[in-house]
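A closer look at the structure
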Amino acid sequence: MKRTDVINAYKEMSRRRKLNILIPIVVLMFIGAYAKHRLIDRKKQAESNLQDKVMDETSGIAASTLNKGIYYVHNDSGDTSRFFAITPDGKLHTTIYYKGHKQHLGAIDVEDIDVGPGPIPGKSYVYVGDIGDNGADRKFITVYRAEEKKNWGRDSLANTVPVPINLKYPDGAKDAETMMIDPIEKLIYIVTKRYDTVGVYTYPLKYRNDDTVTMTFRTKLYFKGIKPFKWITAGDISKDGSKILLKSYEKVYYWQRQPNEPAWRAMQRPPRELPYKQEKQGEAIGFTPDGKGYYTTSEGVFAPIYYYQTPN
């Protein structure tokens, strides 16, 4: 055998050896990538879409306590004083109109909605957060509380007369899009939106009609990322108070609350990041009634509705 033949044979053996090593690696990488793609794709497929054009700037979602399978959503600024009862498939069941604040003839910039306890034990209340303030120039923000009704999941139209509370920040006006109701400590939570860190503020659920009060500052939270994608746009506390969600435009943060622990203190711990498909302008997140999952949706006509499972 010529020397060149020996060299060529050696090269061929070396090439085949490399192929024998690389092929299984490539196959495994392909299988892994495919499996990951399928898993992520399955989690990120929209469950449904909002089915009525009137819901065109959805900015909050909350599970009903009285009406099984019903969630409340609302539009952002520019809409009239109303919110909607829908099913998870996006079908509109009831439009609920309420009286906005007499000083400005209606809601200004409603950014979140929640369902929780209130002044009468055993009753359920819907809280509508007129808390948006892009220019940080409002004298106060307003949260409306209305007793939840059984017919809100059945009738096409309904009306309610809510009890408003006017909230002031102790350190100057701010923009916010997150309002949460803590069923354990009976507190309204407001989490601000902008800047490098966000502020967490609270006020008791017990208040008188049209009170103007100053909230209590609790803590600041810092989240990594680039502004404005890291800005906090929504949040929720589960109905049993044990789980907490906050979301930005690109991430969802999750905390498991310890017994007798204030929610704001739980949020001081590093959060767990949960699955989330970045939406067009995602500003709504809400737990299912049992806290085992959560829904997100966004602004836009016929916006998709996504469902994710909550960690155990």
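Refer to the preceding data block for the structure.
First things first, this report covers the structure right here in the doc.

**Examining the overall build of the protein chain**
Counting its secondary structure elements, the protein chain contains 2 helices and 22 strands. Here the protein chain, with 312 residues, has 50% of them falling under the buried criterion. Long-range contacts, defined as pairs at least 24 residues apart, comprise 53% of the intrachain contacts of the protein chain with a sequence gap of at least 6. Total accessible area computed for the protein chain in this model is approximately 15,800 Å², and 54% of it derives from carbon and sulfur atoms.

**Side note on the pairing of strand β12 (residues 187-192)**
β12 sits mainly inside the fold: 6 of its 6 residues count as buried. Here β12 shows a buried face lined by Leu187, Tyr189 and Val191 and a second buried face lined by Ile188, Ile190 and Thr192. Taken together, the 6 bridges between strand β11 (residues 176-182) and β12 define a ladder with antiparallel strand orientation. Each residue of the ladder has a partner; that of Ala176, found in β12, is Thr192. Hairpin geometry of β11 and β12 is characterised by an intervening segment of 4 residues between the two adjacent antiparallel strands and by a positive phi of about 55 degrees at Lys186. Note: β12 against strand β13 (residues 197-204), 5 bridges, orientation antiparallel. Bridged to Ile190 within β13 is Tyr201. Where β12 folds back on β13, the antiparallel hairpin that results is connected by 4 residues, among which Tyr195 adopts a positive phi of roughly 75 degrees.

**Remarks on the environment of Asp112**
For Asp112, the position within the fold is in strand β6 (residues 112-116). Residues within four places of Asp112 in sequence aside, it is in contact with Ser59, Gly60, Ile61, His74, Tyr127, Val128, Gly129, Glu177, Thr178, Met179, Ala234 and Gly235.

**Notes on the sheet that holds β6**
Within a sheet, neighbouring strands are paired by backbone hydrogen bonds and run either parallel or antiparallel to one another. Reading across from one edge, β6-β7-β8-β10-β14 is the order of the 5 strands in this open sheet, with mixed pairing throughout. Whereas interior strands pair on both sides, the edge strands pair on one side only; in this sheet they are β6 and β14 (211-214). When the angles between neighbouring strand axes are averaged without regard to direction, this sheet yields 25 degrees. Note: β6 against strand β7 (residues 125-130), 5 bridges, orientation antiparallel. Bridging across to β7, Gly116 finds its partner in Tyr125.

**Points about the pattern of salt bridges**
Within this structure, the stated rule accounts for 13 salt bridges. We note a salt bridge from Lys174 to Asp171, for which the minimum N-O separation is 2.8 Å. Of the charged contacts in the structure, one is a salt bridge between Asp182 and Arg257, with a shortest N-O distance of 2.9 Å. Residue Asp182 is located in strand β11, and its partner Arg257 is located in the loop between β18 (252-256) and α2 (263-266); the two are separated by 75 residues in the primary sequence.

**Side note on unusual backbone geometry**
Cis geometry marks the peptide bond from Lys227 to Pro228; its omega dihedral reads 5 degrees. Tracing the sequence through the fold places Pro228 in the loop between β15 (216-222) and β16 (232-237). A positive phi angle, near 50 degrees, is found at Ala136, a position not held by glycine. A positive phi angle is found at Asn260, which is not glycine, with a value near 65 degrees. Relative to the elements of secondary structure, Asn260 occurs in the loop between β18 and α2.

**Considerations on the sheet that holds strand β3 (residues 71-75)**
Within the open sheet, the 5 strands sit side by side as β2-β3-β4-β5-β9. Their pairing is mixed. Each end of this open sheet is capped by a strand with a single partner; those strands are β2 (58-63) and β9 (157-160). Across this sheet, the average inter-strand angle for adjacent strands is 25 degrees, counted without regard to direction.

Cut-offs applied
- Per-chain numbering applies: the sequence of each chain, read as written, is numbered from 1 onward.
- This being a predicted model, a pLDDT of at least 70 is required before a residue's local features are given, and a value of 80 or more before pairs of side-chain atoms are given or counted; all residues contribute to the totals for chains, interfaces and linings.
- The basis for every side-chain value is the complete set of heavy atoms in the structure, and neither hydrogens nor water enter the calculation.
- Secondary structure elements follow DSSP: runs of H or I no shorter than four residues count as helices, runs of E no shorter than two count as strands, and numbering proceeds from the N terminus.
- With a 1.4 Å probe rolled over the protein chains alone, any residue whose accessible area is under 20% of its type maximum counts as buried; one over 50% counts as exposed, and the rest are partly exposed.
- For this analysis, residues touch if any pair of their heavy atoms sits within 4.5 Å.
- Note on areas: Shrake-Rupley with a 1.4 Å probe; residue coverage comes only from the protein chains shown.
- Two strands qualify as a pair provided DSSP detects at least 2 bridges between them.
- To obtain an axis, a line is fitted to C-alpha atoms, over the contacting stretch when the element is a helix, and the angle between two such axes runs from 0 to 180 degrees between their N-to-C directions.
- Put simply, a salt bridge is a Lys or Arg side-chain nitrogen that is within 4 Å of an Asp or Glu carboxyl oxygen.

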